[in-house]
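Listed below are the residues making up each chain.
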Amino acid sequence: MVVAGTIPNCVSYDPTFSYELAVIIHDGLHRMYEKQERIFYYVTTMNENYTHPAMPDGAEEGIVRGLYLFRAGGRKKKKVQLIGSGAILREVIAAADLLAEDWGVDADIWSATSFNELVREARDTDRWNRLHPAKKPKTSYVSQCFADRGGPFVAATDYIQSYAEQIRKWVPGRYEVLGTDGFGRSDTRAQLRKHFEVNRYHVAVTALKALADDGLFPAAKVSDALKKYGIDPEKPNPLYV
C-alpha cells in the first residue's frame, strides 16, 4: 500500500466493510468509465469471515476521500480518537469497547479507507496555500475531520507504520501509530496481530499511554492494563525478530 502511494495515477484503498467496497467500486466506475480519467484503482480485500454493519448515514464522501467517522463515542472527560484501516479496523472497534468497559474512556472510531488519498489531498491543499499567500487559506480534509475532536489520536493498520504516519502533519494533537513493521510471518491472524502489536489490546494500551502522556490518565493504570491484557513489556521488538 505504501508503494501504491508513489504511483501518481494509482488510486488505492484498504476497505473493511462491504458498503465501503461498494462505494469505492462505484466511484471507480464513474471516474474511469464515465469521466474517462487516466487512472486505475488498487483495492485490497480480505477473506476473513465477519459481520458487516450497515453504512453510517452520509459516509459516502468520506469513504471516497479516505476517512469517515464510523462511530462516535460519548462525552466523558477521558476521550481518544481511534483510527483503523482494513483488516485492523475491527480490532480498533474492539479496542474502543475495552476502553469504555475497563477504563471509562470514550473513543470516536474512524475508518481510514485510504491514507494515500488523505495525504495527497492534504499536500495539494498545502501547495495551494503556499502559492496563494494573499488568499484565505484552505483546510485539508484531514484537518476538517479532526477539528474540535478531543484527546490523543491512535492509528493502527496492517501495514508498516509509514503508511499511517503520512498524515501526522495534519493531525491536531498527540498522534500514535501502530503497524506491522518487521519480518514476514506465517501464523494465525490472531497470533500475527499479537506479534506485531496491532491487536485490540495493544491499541487500547497505546490509547491509555497517550492519555497518560497528556496528563489525563494515571501512568500506573497503564501498567495495570498491560497486566490485565497479558502484554509482556519485555517482549522483543517485532521489528528485529
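Preceding block: the structure.
Asker: Teacher, can you tell me more about the packing of aromatic side chains here?
Answerer: For any pair of aromatic rings, the description rests on two quantities: the centre-to-centre distance and the angle between the ring planes. A full pass over the atoms with the stated rule returns 12 aromatic pairs. Taking the centre distance of 5.6 Å and the plane angle of 25 degrees together, the rings of phenylalanine 17 and phenylalanine 70 count as stacked. Highlighted residues: phenylalanine 17 in the loop between strand E1 (10-13) and helix H1 (18-34) and phenylalanine 70 in strand E3 (residues 68-71), separated in sequence by 53 residues. Judged on exposure class, the residue phenylalanine 17 and its partner phenylalanine 70 are both buried. A centroid spacing of 6.5 Å and a plane angle of 85 degrees characterise the contact between tryptophan 103 and tyrosine 229, whose relative ring orientation is edge-to-face. Residue tryptophan 103 is found in helix H3 (residues 89-103), and its partner tyrosine 229 is found in the segment after helix H9 (219-228); the two are separated by 126 residues along the sequence.

Asker: Can you help me understand helix H8 (residues 200-213) in this one?
Answerer: For an α-helix the count is 3.6 residues per turn, leaving residues at separations of three or four pointing the same way. Between its first and last C-alpha, H8 extends 20 Å over 14 residues, near the 20 Å set by a 1.5 Å rise per residue. Those residues of H8 lying buried are His202, Val203, Ala204, Val205, Thr206, Ala207, Leu208, Ala210, Leu211 and Ala212. Positive backbone phi, at 75 degrees, marks glycine 215, one or two positions downstream of H8.

Asker: Got a minute to help me understand the sheet that holds E3 in this structure?
Answerer: As a general point, the strands of a sheet are linked pairwise by backbone hydrogen bonds and lie either parallel or antiparallel. With mixed pairing, five strands are arranged side by side in an open sheet as E3-E5-E4-E6-E7. The open sheet terminates on both sides in strands that have one partner only, identified here as E3 and strand E7 (175-178). Going across the sheet, the axis of each strand differs from the next one's by a mean of 30 degrees, ignoring polarity. The pairing of strand E4 (residues 79-84) with strand E5 (residues 106-111) spans six bridges and is classified as parallel. In the strand pairing of E5, glycine 84 is matched with serine 111.

Asker: Explain the pattern of salt bridges here, please?
Answerer: Think of it this way: side chains of opposite charge can pair up when their charged atoms draw near. Taken as a whole and assessed by the stated rule, the structure comprises 20 salt bridges. The partner of lysine 169 in a salt bridge is aspartate 126, and the shortest N-O contact between them spans 2.8 Å. Pair noted here: lysine 169 is in the loop between helix H6 (161-165) and E7 and aspartate 126 is in helix H4 (residues 115-131), with a separation of 43 residues, a long-range link. Taking relative accessible area as the criterion, lysine 169 reaches 63% and is therefore assigned exposed. The shortest N-O distance in the salt bridge between aspartate 214 and arginine 174 comes to 2.8 Å. Of the two residues, aspartate 214 is situated in the loop between H8 and H9 and arginine 174 in the loop between H6 and E7; the sequence distance between them amounts to 40 residues. Each of Glu48, Arg90, Glu91, Arg189, Arg193 and Arg200 takes part in salt bridges that share partners, so that together they form one network.

Asker: I would appreciate a short explanation of the packing of H8 against H9 in the present structure.
Answerer: Angle between the axes and distance between the axes are the two parameters that describe a pair of packed helices. Contact geometry of H8 with H9 gives a least axis separation of 9 Å together with a crossing angle of 170 degrees. In terms of axis orientation, H8 runs roughly antiparallel to H9. Contacts between H8 and H9 involve Val205, Leu208, Lys209 and Ala212 on the former and, on the latter, Ala219, Val222, Ala225 and Leu226.

Asker: How should I be thinking about the pairing of strand E2 (residues 40-43) in this particular structure?
Answerer: Two faces, one strand: in a regular strand the side chains alternate between the faces of the sheet. Here E1 pairs with E2 via four bridges, running parallel. By the bridge assignment for E2, valine 11 is matched with tyrosine 41.

Asker: It is not clear to me how the environment of tyrosine 240 should be interpreted in this structure. Could you clarify?
Answerer: Among the secondary structure elements, tyrosine 240 is positioned in the segment after H9. For the pair tyrosine 240 and glycine 182, spaced 58 residues apart in sequence, the C-alpha separation works out to 6.3 Å.

Asker: Sorry if this is basic, but what is going on with H1 here?
Answerer: Its 17 residues give H1 an end-to-end C-alpha distance of 23 Å, which sits within 8% of 24 Å, the value for a rise of 1.5 Å per residue. Listed in full, the buried residues belonging to H1 are Tyr19, Glu20, Val23, Ile24, Asp27 and Gly28. Where H1 is buried, its residues touch E1, E2, helix H2 (60-65), E3, H3 and E5. The positive-phi residue at the C-terminal boundary of H1 is glutamine 36, with phi of around 60 degrees.

Parameters at a glance
- Residues numbered from 1 in each chain as written.
- Predicted model: local features only at pLDDT ≥ 70, side-chain atom pairs only at ≥ 80, totals over all residues.
- Heavy atoms only, no water.
- Phe/Tyr/Trp six-rings, centres within 6.5 Å; stacked < 30°, edge-to-face > 60°.
- Helix = DSSP H or I, 4+ residues; strand = E, 2+ residues; numbered from the N terminus.
- Buried < 20%, exposed > 50% of the residue type's maximum accessible area, 1.4 Å probe, protein only.
- Expected span 1.5 Å × (residues − 1).
- Pairing = 2+ DSSP bridges.
- Axes fitted to C-alpha atoms, helices over the stretch in contact; angles between N-to-C directions.
- Salt bridge = Lys/Arg side-chain N within 4 Å of Asp/Glu carboxyl O.
- Parallel < 35°, antiparallel > 145°, perpendicular 65-115°, else oblique.
- Contact = heavy atoms within 4.5 Å.

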